[in-house]
Amino acid sequence: MNITIIGTGYVGLVAGACFAKAGHNVISIDKNPEIITHLNNLKLPIFEPNLQKLVNKSFKENRLKFSNSYKEGCKNKIIFICVDTPSKENGKADLTNLKKVLNSLIKYIKPGTILITKSTVPVGTNNFIKEFFKKKISNPAMNLKFCSNPEFLREGSAVKDFLKPERIIIGCDSPAGRNIMKKIYSSLDKNFSKKIIYMSITSAELSKYAANAFLATKISFVNEIAKISDSVGANMHEIKMTLGSDSRIGNQFLDAGLGFGGSCFPKDLKALISLEKKFKLEPSIINSVFELNNSQINYFYAKIKKFYGQSLKNKNICLWGLSFKPNTDDIRESMAIQLVKKLSPKVKNIRLHDPVANNKAETELCLLNNLEFFDDMYSALDNADCLIIATEWEIFSTAKINKLYGLKDRIIFDARNVLDAKQLEKYNIIYKGIGC
Ligand code: UGA
């Protein structure tokens, strides 16, 4: 099949590379000429495990092309829209980029095209798109089809998630459109047709927000329980085993920490709150989830402050982990970055290390003058008084004890609960996790 993907961010680039892997001919379109030049030189704008390999192979075999040209993109009658929909100041999703795409399509779109929205878009957007084309192209022979196909991949495991989805949501109001979607996904894996859940366009749009809001709720819930755990002297690892072994609860998204960040949860919660307000509903749960999340940094900071008191200002801190989660260089809405911003004016110096996000973090934090960045995690520990772990990269969980032993105050503040407290305590290293 000949497929066009508009947008070369996490969703668009991964979708394009995976469809090309399945043997389709894919054209990926982006308005930014610089991105397209880089992509044509096989330089990806994002770090994502296994993506480079996949892009290289399909590009060399001529099944994946990158272009700025909507004329070229519209030669194909299957078009996925994967552009970003960031938050506006008022919390509503900003559809500027999506609207630009629609305007660029008008001139070239072919009769019979199916337009599939993969971007996370506010409920009602696909109907808006339908009306838009009805107004702009009045010819009924155009027979355009519309589909909402929200994406559930996670950064850091995007390729794996795309190729092994738990479900594929297809919101489409025409049988012909549903058939095309079934064919596309079955080409990735013949069992995928069993994973498809068909529904109305509106349910598909709301499903995506509901899934993200539920996951965010789980995280804020465990963060609240972790605070109780700290107060009463329980252990979140043990509580997680209790919760996770109940299939009604599920064993994922139960890790207490600094709170959720990234380009999706905060944005999607804000969009859901604004949707509720539009319908005069009270966003009580979602508001609380958001507030709890925003207060988690202060809770963690208070632990550090309580330990050091006034002497905090003389401390040389080592901090590991800057991306919003492991296996990505994405620092958007990263809690680790927010923590550095909060700590920087209160301490003498911060020595920072992230396995891949140092460069992006250095740009973001360039106005703070007491930071030093290190490519090697152990070099960042030199002369440090304490260590803070802010993102749960796997490599941190296997840190060598003899290196940690050199911390002057022999204390670790582990905001992601990745280290083994008992083992550290054997070596007289004080351990402060979240809820353990
Ligand atoms: C999230 C969803 O998980 C995807 O299903 C969805 O497709 C995506 O948003 C999106 O809407 O595009 P993502 O933001 O990439 O994916 O990352 P997650 O793995 O969900 O993590 C989000 C945040 O929650 C991270 O800051 C992470 O550290 C935090 N988190 C996650 C916790 O604090 N505790 C946990 O137990 C799990």
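Provided above is the structure to which this section pertains.
Below, the structure is looked at part by part. (Residues numbered from 1 in each chain as written. Predicted model: local features only at pLDDT ≥ 70, side-chain atom pairs only at ≥ 80, totals over all residues. Heavy atoms only, no water.)

### Side note on the overall build of the protein chain
Stage number 1. Counting secondary structure elements, the protein chain contains 18 helices and 14 strands.
Stage number 2. Taken against the 2.2 N^0.38 rule, which gives 22 Å for 436 residues, the C-alpha radius of gyration of the protein chain at 24 Å falls within 12% of a compact globule.
Stage number 3. Expressed along its principal axes, the backbone C-alpha trace of the protein chain runs to roughly 75 × 50 × 40 Å.
Stage number 4. The buried share among the 436 residues of the protein chain stands at 51%.
Stage number 5. Considering only intrachain contacts with a sequence separation of at least 6, the fraction spanning at least 24 residues in the protein chain is 71%.
Stage number 6. For the protein chain, the exposed area adds up to about 20400 Å²; of that, 52% sits on carbon and sulfur atoms.
Stage number 7. Here the protein chain holds 64 positive side-chain charges and 42 negative ones, and the gap between their average locations is 6 Å. (Helix = DSSP H or I, 4+ residues; strand = E, 2+ residues; numbered from the N terminus. Rg over C-alpha atoms; globule rule 2.2 N^0.38 Å. Buried < 20%, exposed > 50% of the residue type's maximum accessible area, 1.4 Å probe, protein only. Contact = heavy atoms within 4.5 Å. Areas by Shrake-Rupley, 256 points an atom, 1.4 Å probe, with all protein chains shown as cover. Lys, Arg positive; Asp, Glu negative; His and termini not counted. Charge placed at Lys NZ, Arg CZ, Asp CG, Glu CD.)

### Quick look at the site of the ligand
Stage number 1. Not every one of the 22 residues close to the ligand is listed here, only the nearest: Leu153, Glu155, Lys208, Asn212 and Lys325.
Stage number 2. A distance of 2.7 Å is found between an oxygen atom of the ligand and a side-chain nitrogen or oxygen belonging to lysine 208.
Stage number 3. Where the shell around the ligand is concerned, the elements lending two or more residues are α10 (201–232) and α12 (265–278).
Stage number 4. Considering each element in turn, the shell around the ligand owes the most residues, 4 residues, to α10.
Stage number 5. Classifying every residue of the shell around the ligand by side-chain character gives 10 nonpolar, 3 polar and 9 charged. (Near = heavy atom within 4 Å. Polar contact = N/O pair within 3.5 Å; in protein donor to acceptor, adjacent residues only side chain to side chain. Nonpolar A, V, L, I, M, F, W, Y, C, P; charged D, E, K, R; others polar.)

### A closer look at helix α5 (residues 96–106)
Stage number 1. Buried within α5 are the following residues: Asn97, Leu98, Val101, Leu102 and Leu105. The buried residues of α5 occupy one face: seen down the axis, they fall within an arc of 145°.
Stage number 2. Elements that come into contact with the buried residues of α5 comprise β1 (2–6), α4 (70–73), β4 (78–81), β5 (114–117) and α6 (125–136). (Arc of directions from axis to C-beta.)

### Comments concerning unusual backbone geometry
Stage number 1. Of note in this structure, arginine 410 is not a glycine but carries a positive phi near 45°.
Stage number 2. Secondary-structure assignment places arginine 410 in the loop between α17 (401–404) and β13 (411–414).
Stage number 3. For asparagine 428, which is not glycine, the phi torsion reads 60° and is therefore positive.
Stage number 4. Mapping asparagine 428 onto the fold places it in the loop between α18 (421–426) and β14 (430–432).
Stage number 5. A relative accessible area of 57% places asparagine 428 in the exposed class.

### Concerning the nonpolar core
Stage number 1. Membership of the largest hydrophobic core comes to 40 residues, with the highest contact counts inside it found for Phe19, Leu51, Phe80, Phe162, Met181 and Tyr185.
Stage number 2. Element by element, the count of residues in this core is highest for helix α1 (residues 10–21), at 8 residues.
Stage number 3. Not counting chain neighbours up to four residues away, the residues in contact with phenylalanine 80 comprise Ile3, Thr4, Ile5, Ile6, Phe19, Ile116, Lys118, Asn149, Met181, Ile184 and Tyr185.
Stage number 4. Counting 37 residues, the second largest nonpolar core, distinct from the first, contains Leu322, Ala336, Val340 and Ala361. (Core = buried A, V, L, I, M, F, W, Y, C linked by side-chain atoms within 4.5 Å.)

### Here we look at the pattern of salt bridges
Stage number 1. Scanning the entire structure with this criterion turns up 17 salt bridges.
Stage number 2. With a closest N to O distance of 3.5 Å, glutamate 372 and arginine 351 form a salt bridge. Here glutamate 372 is found in strand β11 (residues 371–373), whereas its partner arginine 351 is found in strand β10 (residues 349–353), with 21 residues between them in sequence.
Stage number 3. For glutamate 372, a relative accessible area of 34% corresponds to the partly exposed category.
Stage number 4. The closest approach of N and O atoms between glutamate 392 and arginine 416, which form a salt bridge, is 3.6 Å. Linking glutamate 392 in the loop between β12 (386–389) and α16 (394–397) with arginine 416 in the loop between β13 and α18, this pair joins segments that are 24 residues apart in sequence.
Stage number 5. On the basis of relative accessible area, arginine 416 is assigned to the buried category, the value being 13%. (Salt bridge = Lys/Arg side-chain N within 4 Å of Asp/Glu carboxyl O.)

### Looking at empty space enclosed by the protein
Stage number 1. Considering all chains together, one arrives at 2 cavities of 30 Å³ or more under this definition.
Stage number 2. Around the largest cavity sit Ser119, Thr120, Val121, Ser148, Pro150, Ala204, Glu205, Lys208 and Tyr209, which together line it.
Stage number 3. What the second largest cavity holds in volume is close to 30 Å³.
Stage number 4. The element that contributes the greatest number of residues to the lining of the second largest cavity is α12, accounting for 3 residues.
Stage number 5. In terms of residue class, the lining of the second largest cavity is built from 6 nonpolar, no polar and no charged. (1 Å grid on protein atoms, 1.4 Å probe; cavity = no way out; pocket = protein on both sides within 12 Å on 5 of 7 lines; lining within 4 Å. Points joined across faces, edges and corners; volume = space filled by probe spheres on them.)

### Points about the layout of surface pockets
Stage number 1. Of the voids in this model, the second largest pocket is the one considered here, and its volume is about 300 Å³.
Stage number 2. Lining the second largest pocket are 13 residues; nearest its centre among them are Lys92, Pro122, Val123, Ser274 and Lys278.
Stage number 3. In terms of residue count, the dominant contributor to the lining of the second largest pocket is α12 (4 residues).
Stage number 4. Its residues assigned to classes, the lining of the second largest pocket shows 6 nonpolar, 3 polar and 4 charged.

### Some words on the sheet that holds β4
Stage number 1. Reading across the sheet, the 8 strands line up as β3-β2-β1-β4-β5-β6-β7-β8 and stay open at both edges, with mixed pairing between neighbours. Strands at the two margins of the open sheet, each flanked by one partner only, are β3 (64–67) and β8 (196–199). Each adjacent strand pair in this sheet contributes to an overall mean axis angle of 25°, direction not counted.
Stage number 2. Bridge count between β1 and β4: 4 bridges; the pairing is parallel. Bridged to isoleucine 6 within β4 is isoleucine 81. (Pairing = 2+ DSSP bridges. Axes fitted to C-alpha atoms, helices over the stretch in contact; angles between N-to-C directions.)

### Some details on the packing of aromatic side chains
Stage number 1. Counted by the stated rule, this structure contains 14 aromatic pairs.
Stage number 2. Plain terms: the ring middles of phenylalanine 260 and phenylalanine 265 are 5.7 Å apart, the flat faces sit at 80° to each other, and that makes the pair edge-to-face. Just as phenylalanine 260 is buried, phenylalanine 265 falls in that class too.
Stage number 3. Pairwise contacts between aromatic rings join Phe19, Phe80, Phe162 and Tyr185 into one cluster.
Stage number 4. The cationic tip of lysine 208 hangs over the ring face of phenylalanine 152; the distance from NZ or CZ to the ring centre is 5.6 Å.
Stage number 5. A cation over an aromatic ring shows up here: lysine 403 above the ring of tyrosine 378, its NZ or CZ 5.3 Å from the ring centre. (Phe/Tyr/Trp six-rings, centres within 6.5 Å; stacked < 30°, edge-to-face > 60°. Lys NZ or Arg CZ within 6 Å of the ring centre and 35° of its normal.)

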